[in-house]
Structures are given as C-alpha cells and as structure tokens.
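# Results of the structural survey
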Amino acid sequence: LRWSTSFPMASLNLRPSIFQRRSVLLCVTLGYFCAGCYAQNEAQVQYGEPEGCGLEKQPAKFCPTQWLKTDWSTVQSFNWNANPNNRQNGYKLDEPQDTPCKSVPATCSGPTVYSCATGMQKLSQFTAGSNVIRELKPGSPAVCAHGNREFSFLARRGKSITKAIVVFMGGGICWDAASCAAQGGGRTISLDSLYSKRPDISPAVPFEIKEALGTGGQAFRLGIFDSTSTEMDNPFTQWSLVAIPDCTGDQHTGNRSYTYDPGKDETCQTVHHHGGVNTGLAMDWFFESFPKLEQVLILGTTLNEKSKATGTEGAVFWAKYIQDRAPSAKVRVIVDSSLAIFGPNWRQVMKDDPWGTANLAKTPPSVSNSGGGIVAQKQNSALVLPPRNEWAIGQDDMLSYYQWAAQKSPQLVFVEVSSIDDDVQIAQFEMLGGRQRECCMDGCSCKEGPSGDQLYYGFPNQVIAGVWQPWQHTTASPSIHPPAPSTESVDARKGMGLAGSLDWTKTRKIAVLRKHRQLEHNYRAFLVPGNRRGLLSQNDAFRTACPYFKPGQSQCYTDFVLRKWVKGIADSVILLDGLGNIANSSLVDADDYTKRVFGQSTCRACLDGILGAQSMREELCNTTLPPGASYLTVAPRFDTTWLALWSINSGLAPDMTPEGHIFRFAHEMHLLPGDSIKDIATRMGTTVERILSSNYNRLTHVHNHERPGKNAVLCVVPSFFKSKDRMGQGICDKADKSTMS
C-alpha cells in the first residue's frame, strides 16, 4: 500500500504509528511528491515499530533552525515557526527525539548575511552562472537521524542547466547503539565525521557545509566544483550543482526509524534513518528544476580532504533511479574515496535491515526525456533499490548491486576513485571485523611497501613542483589489530586459512578485480597510492593526480590526469542495440581486460599478487603453499584429505611439496543458468557453508548462495566418501576409507 496526502502543518505527528507496523507510511507531500513510501507489505517485510526510548508518546516539536551569524563560525538556533525574526532566541532541542521534529520548506542564502525565506525557491529564481550556493530545506517528513535537526541540501545554478553534478555527501554510517550515539564517543553519523568544529552536538547537516554559503567558504569551490576557473583546469566549471548531505547514517537509503538497545536507559537510541526520504525530496526539486538534462555526473564524495566520513555509496544506489527519470541523458557515477569494502561482520549487522532499505521506493509522477516530453515508465522505474528477492543489503554485496543496476540500465557507468591506503576506509573495515594486515601470501598486505614508494612512482625522494604526490601525505595509520603472526591467516575457519580472508589489502584487490571482471562495459577504477581523501574536491589532486608517471620520467600520461580522465568518463558513449544490450562503448580500454585492470588507470602493483587475475583465462582455484607445509598438513585447512589435493594436482609427493608451490585446492566449476549451489553441494558431498567458505575473499567469492550471479565460477572441494553421480548414487561407497585418511 502507498498513501500520499496533505494535511495542515498543525496536525503533523511524525511518530511511527500502527500504519508502519503494516508497512505503510503516511506520507506528507507539503507541495512535493512523497519521496519514500513503504513498498512492501507485512508478509514481505516483518519489521515491527521501534519501541522508542521515551516513556510515552511524544508530540512532534518544531526543529530548531540552525543560524549562522555573520562571522560564519558562531551557531545559534531559533524556532522558525514561532519567531522567524528573532534569531537571538536560543531554541534548543538537543536531546534525540523518538518522534521526529517538524519543519517547513525554506530557502537560505548568503554570502554576506545568512538569511532564510519560507518555501523552496525554483531554479529560475537563481542567478545563472553565479558562484552563489543556496540552502534548500524540503521540510517534513525530511529530518536528520536523531529527530531533532532539520535536513537541507544545497544548489547552485551554473551556466548550463542541461548538465548537472549531483553530489551525495558522505556523512558516516551507523548500525548499533554505539555507532549511532548522540554525543561524543564512537558515533559516526554526520557531524563529527566531517571534521566539525562542533563534535559535541547531535547529527545535522554539518555547519561546515552551510559555511559554503559564505564568501570565505571553500566547500564546493575547489577541484571539480570550481565554477570560476578555466575549463582547462576544470572541464565542469559551467555545470550546475546539487549537493545532498547525509545526516542519517544510512548511505541515503533509509526509510525507517529504528531503536537500538530498547529498554536500556544508558544506551537506548532511536535513530530515524530517513536518508532515502530526504534524498527523494531533493530529487523532486532536482527533476523539476532540470527538465532537459543531457548529462548528469553523480558524485559520491566527502566535504574535503580532512573529512573522516564514509557512506558515499548513495551515489551508486540512486543512479538507476536518476537514469530512469532522465532516460536520454548520459548518467555517469563516480564514488570518491570509498571502495565499499565492508568487513566480514557487515552481513550480521545489516541482517535486520535497520535502515529500512527494503521500504525505499519512489514512484515518479512522470518520466521526462531530454527534450522535456513525457515517456512511458520503464518496468521497475519506481525502485530506488532492487526488490528483496533480487538484492538485499543484509544478504548481497555491492558487486551484486552493480550487476543488477547495469542489467536494468546498461547505459550506466560506475567509477571508483580512491587511494589504496585510505585510513578512513581501513578503520571502517576493521570496525566490522577486518584487519589491516592479516597475511603474507597471494596479494596480502604484509609484503607491501609503504604507499607511494618507489614501487609505484620511482621517485620516492624527489619533490616535483606542481605535481600531486601521495608520498608527501602518507600518514601512519595504526591498526586496532597487531600484524599477522605468520604467513597463514589468523582466521581459523576451514577453507579460509590461506585466503587472507580478513586482510585489507587482499580484500581491496579482490573487490576491485571482481568488478572489473563482471562489468567490463559498466565499471572503471582510478587507483592512486598513498593515504589521501577527497581527490575530486581539491585543486592539486583533481588537476594533476595520476596513477603513475611515465617510465623514467616525472610526467603523467596526459589522458590519465584525473581531471581529463573524469571528463572522458562523463563524455563516454555507450550504444545499445534493439534488444537493449551494449553494442558499442567508447569507455577507456573497453575491449582490453589487461589494460583496463593493470594499465594507466591503476597505480603500479596496486592490484598485483592475486592468483588468477592476470587474464580472464587463468585458473581461479589455486593458492600458494606456505613455508614448511605440504598436502598432508594443509588438507585439514580446506576440510579435505591429502589424497583429494594430490588427485587434482600432479607430479609432487604429498609429503614433500616445496615451499611457495602453487597448487589447486579445489575443482573449478562454471555455473550455468538454473544451477543451484545447494544441489552442487549435495552432489559433491559437501555443504553450502563449506563452498562459501572455500570461495570467500577470492575471485570466485559468492556472497549469497541463492543468488551466485551471472557467469559465476566456484571452487568446490569434493568429498570422496559423500560425492554422488547424476543418478544420485554414491561414487565411492565401497572405498576403504582407512586408506584415504
């Protein structure tokens, strides 16, 4: 069921109600089409209403408006509804609210005096080509995470209104009471994650972003956002800009209020993960303002280099929806400083979908083509995220989402721009169960040199004027875990013992390589060494950074300097045939896997060491024998016998295998449409869990055994004693098991 209605502001009560128990959201339009309505019924999503941390139901209060004084650093609050002119009235609503606060649409602007007026202004009221950024407040039901701050987004009208940059700002993510806490400590939502002057107050759209309205503000005035530079320095200088902050900790995808630690006074937190609702309201304004789009560059990025915020994947999650709303436009997605590499505990913390991503659906009232006309809606055009039977945040990984989006909208292009030793990404990986350094084999971290050293550039001690150099900015990033004590993984789970299943470097390489292998026409990566963030939002990196220099020189390849490379992505052409399949592509290195993966878009050795990755024709079920090991001693780590390993290899005695020997640990099986991992496990005398374990964090990784993906390949370790033929008969029923142990 989907309801949409309007009613007087005075009667607003946004506390979750019985309707939400029935998976229905009573949505408030306030002049705009409701952005996030529950799309599933109770039989599909059995989530109850959050209990809340208050003793009784609270009436909704008005959100305090955050007022910036003329010095652009002093913050005050006032009640817009009660006294819009008295900005000295300190209206406080600091405690988290079980019932989200109410707000009304408004437009605020600078640059000399921060002033606000009721109602969201239309783009036609903006000055074309100016550097003035305006703050737009959609009003309820938009709200920040703790229900005590209003949500807003920013916009700037460029010289072109057919070309636009849409920015999904990282605001941090949270998944439990500790990470979603309202004050200090380990909370990661929004404000203190963004290098804020005010880390002590509840999550809100950061004041640092609002300070961009002032004449001295640097946000959205550097790098790709610079609207005053020449097109040589910034090819996007004439494009319009819409920036959508995240103050809900849910990657712009949430549509649920969730109570963490209910009943515990000291840790109870009710968090309104309404990022999808907030973004949907911003999207309504965007498409009303830009009806004739020709090019859209969707960016997921942080405020600046100092930002510690994660959560920029909203750019990826909203890409298909934006493409559906502008079907004739070139839509390209670039995520800056987030490779979406979550630790092994991610699936566990997301299993109950605390953000309510399954509830996020938005039905556009119409779909406009680039000429402004109305075209028929495509199937599933209402979906922001896939149906739960096709993808779910707690069951499937990001590659699966990329594949789903590319299958539905094959003209989309996804790009990741990142340094490889970003300490913010590593810290998030460790918080979710990973380790910065965990093994020393097959692409793992402990043999990697310091980022930015001679391995990558060849000039570790030479300062080159005017060229961005990552080694000048590399910082020591202390791990919360000690280095691995040996060459083997510290993860004792069988089948994972030699895989580096918890190692950051190995996991990062595998994640990027799998996307390259599965999305040849829809994915590209730009990887640089070092520990840098916000590559698109700073002048030096955007204008001069490149993955590596020409051999023996201190010069980049011209087409692989970041600004030119990004412009090439934005202008790339993907042609579809009559069936909607890709017929031709002008993307860089479109037809060459080796150049695409190991060419000039990737820093030297940044993806090296992964067995089977050098080409699409290599074997995938190999690993390296650690020092002092043999088939006899390694077999138990793969839950098999020495005879099984010896039988699929050749030429070596099982007890005299040389150190560093690369061997097959499993059979390589190519799945066909309709193949079931459960059926394969039964035939091979193993279990689904063992198959998933044997393939974990390898090129054959499968995140969800019910949806292994197109062209999936599995490494399967069979059991001689339990394997069955196609007739269901045991293959080795009469074997003497004592001779095979």
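Residues numbered from 1 in each chain as written. Predicted model: local features only at pLDDT ≥ 70, side-chain atom pairs only at ≥ 80, totals over all residues. Heavy atoms only, no water.

### Overview of the overall build of the protein chain
The following threshold applies: Helix numbers and strand numbers start at the N terminus; a helix is a DSSP run of H or I with at least 4 residues, a strand a run of E with at least 2. For the exposure calls, accessible area comes from a 1.4 Å probe over protein chains only, and a residue counts as buried if that area is under 20% of its type's maximum, exposed if over 50%, partly exposed in between. Computed by Shrake-Rupley with a 1.4 Å probe, the accessible areas treat only the displayed protein chains as cover when residues are assessed.
Scanning the protein chain from N- to C-terminus turns up 16 helices and 24 strands. Counting the 741 residues in the protein chain, one finds 60% classified as buried. Of the accessible surface of the protein chain, which amounts to about 28,600 Å², a share of 51% is contributed by carbon and sulfur atoms.

### Brief notes about the sheet that holds strand β8 (residues 153-156)
Heads up, the condition is: What makes two strands pair is DSSP finding at least two bridges between them. Angles run from 0 to 180 degrees between N-to-C directions of axes, and those axes are lines fitted to C-alpha atoms, restricted for helices to the stretch in contact. We call two residues contacting when some pair of their heavy atoms lies within 4.5 Å.
Pairing is mixed across the open sheet formed by 10 strands, whose spatial order is β6-β5-β7-β8-β10-β9-β13-β14-β17-β18. The open sheet has two edge strands with one neighbour each: β6 (115-118) and β18 (523-528). Averaged over all adjacent pairs, the angle separating strand axes in this sheet is 20°, with direction ignored. Contacting β7 (134-137), β8, β9 (163-169) and β10 (240-244), helix α3 (residues 275-289) runs over the sheet at an angle of about 165° to β10. Those strands touched by helix α9 (residues 504-518) are β17 (413-419) and β18, and its axis lies near 150° from that of β18.

### Brief notes about the packing of aromatic side chains
Inclusion rule: When two rings of Phe, Tyr or Trp (its six-membered ring) have centres within 6.5 Å they constitute a pair, described as stacked for plane angles under 30 degrees, edge-to-face for angles over 60, and tilted for the intermediate range. By definition here, charges over rings are those cases where NZ of Lys or CZ of Arg is within 6 Å of the ring centre and within 35 degrees of the ring normal.
Taken as a whole, this structure holds 24 aromatic pairs when the rule is applied. The interplanar angle of 25° and the centroid separation of 5.1 Å between the aromatic rings of F638 and F665 together place this pair among those described as stacked. In this pair, F638 is assigned in the loop between α13 (631-634) and α14 (642-647) and F665 in the loop between β22 (662-664) and β23 (667-670), connecting sequence segments 27 residues apart. Assigned by exposure class, F638 and F665 land together as buried. Connected via pairs of aromatic rings, a cluster forms that spans F286, F287, F290, W318 and Y321. Above the plane of the ring of F126 lies R134, whose end atom (NZ or CZ) is 4.5 Å from the centre.

### Some points on the layout of surface pockets
Cut-off, in case you're wondering: Note on definitions: the grid is 1 Å and covers protein atoms alone; a cavity is a set of points where a 1.4 Å probe fits but cannot get out; a pocket is an open set with protein on both sides within 12 Å along at least five of seven lines; lining residues have an atom within 4 Å of a point. Grid points are joined across faces, edges and corners, and a volume is the space filled by probe spheres set on the points. Under the scheme applied, nonpolar residues are Ala, Val, Leu, Ile, Met, Phe, Trp, Tyr, Cys and Pro; charged residues are Asp, Glu, Lys and Arg; polar residues are all the others, including Gly.
Here the largest pocket is characterised by a volume of approximately 1,400 Å³. Residue lining of the largest pocket: 47 residues in total, with Q403, Q518, L519, K710 and N711 positioned closest to the centre. Of all the secondary structure elements, the ones that give two or more residues to the lining of the largest pocket are α7 (398-408), α9 and α12 (593-598). It is α7 that contributes the most residues to the lining of the largest pocket, 6 residues altogether. Here the lining of the largest pocket is built from residues that sort into 16 nonpolar, 18 polar and 13 charged. By volume, the second largest pocket amounts to about 770 Å³. What lines the second largest pocket is a set of 35 residues, among which G343, P344, Y696, H701 and H703 lie closest to the centre. Mapped by element, the contributors of at least two residues to the lining of the second largest pocket are α6 (346-349), α7, α9 and α16 (688-695). Here the lining of the second largest pocket gets 5 residues from one element, more than from any other, and that element is α9. Of the residues in the lining of the second largest pocket, the class split is 18 nonpolar, 9 polar and 8 charged.

### With respect to the environment of G628
When you line up the elements, G628 lands in the loop between β21 (622-624) and α13. With a relative accessible area of 76%, G628 lands in the exposed category. Expressed as a C-alpha distance, the spacing of G628 and E659, which sit 31 residues apart in the sequence, is 6.5 Å.

### Considerations on the environment of G275
Mapped onto the elements of the fold, G275 is located in helix α3. Measuring from C-alpha to C-alpha, the distance between G275 and R256 comes to 9.1 Å, with 19 residues separating the pair along the chain. With residues up to four places along the chain from it excluded, the contact list for G275 reads T248, D250, H252, T253 and G254.

### A look at the environment of F526
By the secondary structure assignment, F526 is in strand β18. In this structure the C-alpha to C-alpha distance between F526 and I334, which are 192 residues apart in sequence, comes to 9.9 Å.

### Here's the deal with α16
Of all 8 residues in α16, 6 are buried, a share of seventy percent or more. Those residues of α16 not exposed but buried are V688, I691, L692, S693, S694 and N695. Buried residues in α16 make contact with α15 (677-683) and β24 (713-716). Once α16 finishes, N697 follows within two positions and takes phi at roughly 55°, a positive value.

### Topic: the pattern of salt bridges
So the rule is basically this: Any Lys or Arg side-chain nitrogen located within 4 Å of an Asp or Glu carboxyl oxygen qualifies as a salt bridge.
As enumerated under the stated definition, the model contains 15 salt bridges in all. The residue R532 makes a salt bridge to D540 at a minimum N-O spacing of 3.5 Å. Members of the salt-bridge network, linked through shared partners, are D226, D233 and R543.

### Considering the packing of α7 against α9
Where we set the bar: The cut-offs work like this: below 35 degrees is roughly parallel, past 145 is roughly antiparallel, 65 to 115 is roughly perpendicular, and the gaps in between are oblique. Left-handed describes a crossing whose near helix is turned anticlockwise from the far helix through less than a right angle; right-handed describes the clockwise counterpart.
One can describe the packing of α7 onto α9 by two numbers: an axis separation of 10 Å at closest approach and a directional angle of 20°. Taken as axis vectors, α7 and α9 run roughly parallel relative to one another. Crossing of α7 against α9: the hand is right-handed. Judged by residue contacts, L399, Y402 and Q403 of α7 engage R514, K515 and Q518 from α9. Partitioning the contact of α7 with α9 into residue classes produces 2 nonpolar, 2 polar and 2 charged.

### Observations regarding the side chain of Q403
Here is the rule we go by: For this analysis, a polar contact is any N or O atom pair within 3.5 Å, provided that within protein one partner can donate a hydrogen and the other can accept it, and provided that sequence-adjacent residues contribute only side-chain to side-chain pairs.
Within the element layout of this structure, Q403 appears in helix α7. A distance of 3.3 Å separates a polar atom in the side chain of Q403 from a polar atom in the side chain of Q518. When residues no more than four places from it in sequence are discounted, the contact partners of Q403 are Q518, L519 and K710.

### Considering the confidence of the model for the protein chain
To keep it simple, the criterion reads: Note on scores: pLDDT gives the predictor's confidence for each residue, bounded by 0 and 100.
Averaged over every residue, the pLDDT of the protein chain is 76; the share at 70 or more is 70%. Taken together, the stretch residues 190-202 has pLDDT below 50 and engages in 47 contacts with residues farther than four places along the chain or on a different chain. Scored below 50 in pLDDT, residues 483-487 shows 11 contacts in the model against residues more than four places distant or in partner chains.

### So, the nonpolar core
Operational definition: Only buried residues count toward a nonpolar core, which is a set of Ala, Val, Leu, Ile, Met, Phe, Trp, Tyr and Cys residues joined through side-chain atoms within 4.5 Å.
F153, I244, M283, W285, F286, L293 and I298 are the most contacted members of the largest nonpolar core, which totals 91 residues. Element by element, the count of residues in this core is highest for α7, at 7 residues. Those residues in contact with M283, other than ones at most four positions away along the chain, are V166, I244, W318, Y321 and I322. By size, the runner-up hydrophobic cluster in this structure holds 36 residues, among which are I165, M169, A219 and L587.

### Remarks on the side chain of R256
So the rule is basically this: His residues and chain termini do not enter the charge count, which takes Lys and Arg as positive and Asp and Glu as negative.
Mapped onto the elements of the fold, R256 is located in strand β11 (residues 256-260). Lacking a salt bridge, the buried R256 has D353 as its closest oppositely charged neighbour, with an N-O distance of 5.7 Å. A polar contact is formed between the side chain of R256 and the backbone oxygen of D352, at a distance of 3.0 Å.

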